[in-house]
Amino acid sequence: MIYTNPVVKGFYPDPSVCYANGKFYLVCSSFQYFPGVPLFESDDLVNWTQIGHVLTRKNQVELEKVNSSGGVFAPTIRYNNGRFYMVTTNDTTHRNFYVYTDDIHGEWSDPITIDQDGIDPSLYFEDGRAFFISNGTDCEGKGGVVQCEINIETGEKLTESRCIWQGSGGRYLESPHMYKIGKYYYLMAAEGGTEYGHMITYARSESVWGKFEGYPHNPVLTNRNKAPFIIQGIGHGDLIQDKNGEWHIICLGFRQIHMWMTYHHLGRECFLIPVTFHKDGWFTAGNGTCEESYELSGDFAQLPLKTYTLENIGHDICHLRHPHTENYSITKDKITLKGTDVTLDDVASPTFAGVRQRDFDMDCSVSVSVSDGEGGLTVYSCETEHYDLALRKNESGYEAILRLNIGGIRHVEKAVQIPSGSAKLIIRSDSQVYKFFVQSQGEEIPMGFAMSKYLSSEVCGGFTGTVIGMYAVKGSAEFTDLRISY
């Protein structure tokens, strides 16, 4: 079958994947959003269903007052002796930790910390031994990919941390993963920074401790010189073997809003590229770049994105930092949000229930009712960049507003008096423009438009992507008839 990249669309960066019990499982970074570390399941590496999150309890991850793009970085998922492990970094607290579960659909353990620095941690298991790997600094101050053996039950280090590879010469060596395939240990990593110079590199050795020899033609995969092309930023990947014995890299990348416009606002997404091992033991990935589509063995089809409604939104909902759960009521026919003084502009936890925007062309609508305060939809990138379409109480009754927030400049683009505190809010988008409408008493009122590029990482900075959020401030808001279609 022919599949099209990305295989997981929207803000799901830094993918890691493992295979267990006939299924593939994938995790991604979540940064300041909670629950943390989205968890996906697949039969075929192409069609992925989110089955929950890994970090679902407040005591598992510290997110209070965490800035946008802080918090949970680059998880790795591994399966060993009947148990799943997820290891990650809280970049704000500078702690590497892992959690585990024997039931992939159940709760995960409390965190176990490891006394090794760096980010993008990984685990490698062999013959009853466990190795912890990160990009960091060893006990002699040498920086690079650093490894130690640990007691997997306690996190205790059994060896000193040792630098085993310093990369191929690119900046920001990160995302190390170890694999034993045939007689070689393969150490794959990312270099170049998670922007337009991103790339995947690797080395191999006949010992888990090295010496590691770099692939002579590094990088093995990059789109840094593939232009003009929509797909860019390819890097930070994980190797996986499919059920037919074929190998693949699943990695992050992003899609520009236009061939000639170097902005991306959906976030970093998940791409799948075939891998070929050669007689000399080295492997290549595709033709060295990531293409829009590939052929994969199997008699199945790539399914389209689902249409989100309140009936199926459950596992996809995310909040900004730890939510105050007493302010939320979420059922299959209505979401009720109780607002506080905390707004979307604050580095805190506003009353907010969001889903990641999954593609450029989108129709989003929801019916909203407010009695006081403000409630509405936001197209949210971070505290300083978001577009808000809302209803609010004023001295004359109720009004609908479009407020644009760019670089700390907050401007009400349009305000329209409406006869009651109930209306339908509508957002329509393509790759470059969001258009906003309010429907009241059967009349659809244009509220204005805003450019997608001002929500992009190139403008906002950081590592996240656009989230469509329902929110409330200083009052309660009820949301019904939600529909997000692509």
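Our structure is the block above this text.
Residues numbered from 1 in each chain as written. Predicted model: local features only at pLDDT ≥ 70, side-chain atom pairs only at ≥ 80, totals over all residues. Heavy atoms only, no water.

As for the pairing of strand S11 (residues 119–126)
Here is step 1 of the chain: Within S11, 7 of the 8 residues are buried, which leaves the element mostly enclosed by the surrounding structure.
Here is step 2 of the chain: Sheet analysis places S11 next to strand S12 (residues 129–137), joined by 6 bridges and oriented antiparallel. Each residue of the ladder has a partner; that of Leu-123, found in S12, is Phe-132.
Here is step 3 of the chain: Hairpin connection, S11 to S12: the antiparallel pair is bridged by 2 residues, and Asp-127 has positive phi, about 50°. (Buried < 20%, exposed > 50% of the residue type's maximum accessible area, 1.4 Å probe, protein only. Helix = DSSP H or I, 4+ residues; strand = E, 2+ residues; numbered from the N terminus. Pairing = 2+ DSSP bridges.)

A closer look at unusual backbone geometry
Here is step 1 of the chain: The linkage connecting Asn-5 with the following residue, Pro-6, adopts the cis geometry, with an omega of -5°.
Here is step 2 of the chain: Checked against the element boundaries, Pro-6 lands in the loop between strand S1 (2–4) and strand S2 (16–20).
Here is step 3 of the chain: In the Ramachandran plot, Asn-21 falls in the positive-phi region, its phi being about 55° despite a non-glycine side chain.
Here is step 4 of the chain: In this fold, Asn-21 is placed in the loop between S2 and strand S3 (23–27).
Here is step 5 of the chain: By relative accessible area, Asn-21 is classed as exposed at 63%.
Here is step 6 of the chain: The backbone of His-236 sits at a positive phi, close to 50°, despite the residue not being glycine.
Here is step 7 of the chain: Mapped onto the elements of the fold, His-236 is located in strand S20 (residues 231–241).
Here is step 8 of the chain: Relative accessible area serves as the criterion here: at 4%, His-236 is assigned to the buried category.

Re the layout of surface pockets
One simple way to see leftover space: roll a probe sized like a water molecule over the atoms.
Here is step 1 of the chain: Approximately 570 Å³ is the volume attributed to the largest pocket.
Here is step 2 of the chain: In terms of lining residues, the largest pocket is bounded by 25 residues, among which Trp-48, Leu-303, Pro-304, Leu-305 and Arg-358 are the most central.
Here is step 3 of the chain: Grouping the amino acids of the lining of the largest pocket by side-chain chemistry returns 11 nonpolar, 9 polar and 5 charged.
Here is step 4 of the chain: The volume enclosed by the second largest pocket comes to roughly 460 Å³.
Here is step 5 of the chain: Taken together, 16 residues line the second largest pocket, and the ones lying closest to its centre are Arg-78, Met-178, Tyr-179, Leu-239 and Ile-240. (1 Å grid on protein atoms, 1.4 Å probe; cavity = no way out; pocket = protein on both sides within 12 Å on 5 of 7 lines; lining within 4 Å. Points joined across faces, edges and corners; volume = space filled by probe spheres on them. Nonpolar A, V, L, I, M, F, W, Y, C, P; charged D, E, K, R; others polar.)

A word on the state of the cysteines
Here is step 1 of the chain: Counted by the stated rule, this structure contains 0 disulfides.
Here is step 2 of the chain: Free of any disulfide, Cys-28 has its nearest cysteine sulfur in Cys-270, 4.0 Å distant.
Here is step 3 of the chain: The class of Cys-28 is buried, set by a relative accessible area of 0%.
Here is step 4 of the chain: Among the cysteines around Cys-139, which has no disulfide bond, Cys-148 carries the closest sulfur, lying 10 Å off. (Disulfide = S-S within 2.5 Å.)

Some thoughts on the sheet that holds strand S29 (residues 362–370)
Here is step 1 of the chain: Spatially, the 7 strands line up as an open sheet ordered S26-S27-S38-S29-S34-S35-S36, and their pairing is antiparallel. The open sheet is flanked by strand S26 (328–330) and strand S36 (443–451), the only strands paired with a single partner. Geometrically, the sheet is characterised by an average inter-axis angle of 20° between neighbouring strands, direction not taken into account.
Here is step 2 of the chain: With 4 bridges connecting them, strand S27 (residues 335–338) and strand S38 (residues 476–485) associate as antiparallel partners. Within S38, the position partnered with Leu-337 by the bridge is Ala-477. (Axes fitted to C-alpha atoms, helices over the stretch in contact; angles between N-to-C directions.)

Some words on the pairing of S29
Here is step 1 of the chain: Summarising burial for S29: 7 of the 9 residues are buried, a large majority.
Here is step 2 of the chain: Pairing geometry for S29 and strand S34 (residues 422–429), over 8 bridges, is antiparallel. Pairing of Ser-369 across the sheet is with Ser-422, part of S34.
Here is step 3 of the chain: Pairing of S29 with S38, which is carried by 7 bridges, proceeds in the antiparallel orientation. Residue pairing across strands places Ser-367 opposite Thr-480, the latter belonging to S38.

Thoughts on the packing of aromatic side chains
Here is step 1 of the chain: Taken as a whole and assessed by the stated rule, the structure comprises 31 aromatic pairs.
Here is step 2 of the chain: Ring centres 4.6 Å apart and planes at 50° place the aromatic pair Tyr-79 and Phe-84 in the tilted group.
Here is step 3 of the chain: Classification of Tyr-79 as partly exposed rests on a relative accessible area of 28%.
Here is step 4 of the chain: Seen in terms of ring centroids, Tyr-215 and Trp-282 are 5.5 Å apart; in terms of plane orientation they differ by 50°. Their pairing is tilted. One end of the pair, Tyr-215, is in the loop between strand S18 (213–214) and strand S19 (221–222); the other, Trp-282, is in the loop between strand S22 (269–277) and strand S23 (283–285), with 67 residues separating them in the sequence. You'll find Tyr-215 and Trp-282 in the same group, each marked buried.
Here is step 5 of the chain: Linked through ring pairs, Tyr-184, Tyr-186, Tyr-202, Tyr-215, Trp-247, Phe-277, Trp-282 and Phe-283 together constitute an aromatic cluster.
Here is step 6 of the chain: Here Arg-162 stacks its cationic end above the ring of Trp-209, 4.4 Å away from the centre of that ring.
Here is step 7 of the chain: Arg-255 extends its terminal NZ or CZ atom over the ring of Phe-360, reaching a point 4.9 Å from the ring centre. (Phe/Tyr/Trp six-rings, centres within 6.5 Å; stacked < 30°, edge-to-face > 60°. Lys NZ or Arg CZ within 6 Å of the ring centre and 35° of its normal.)

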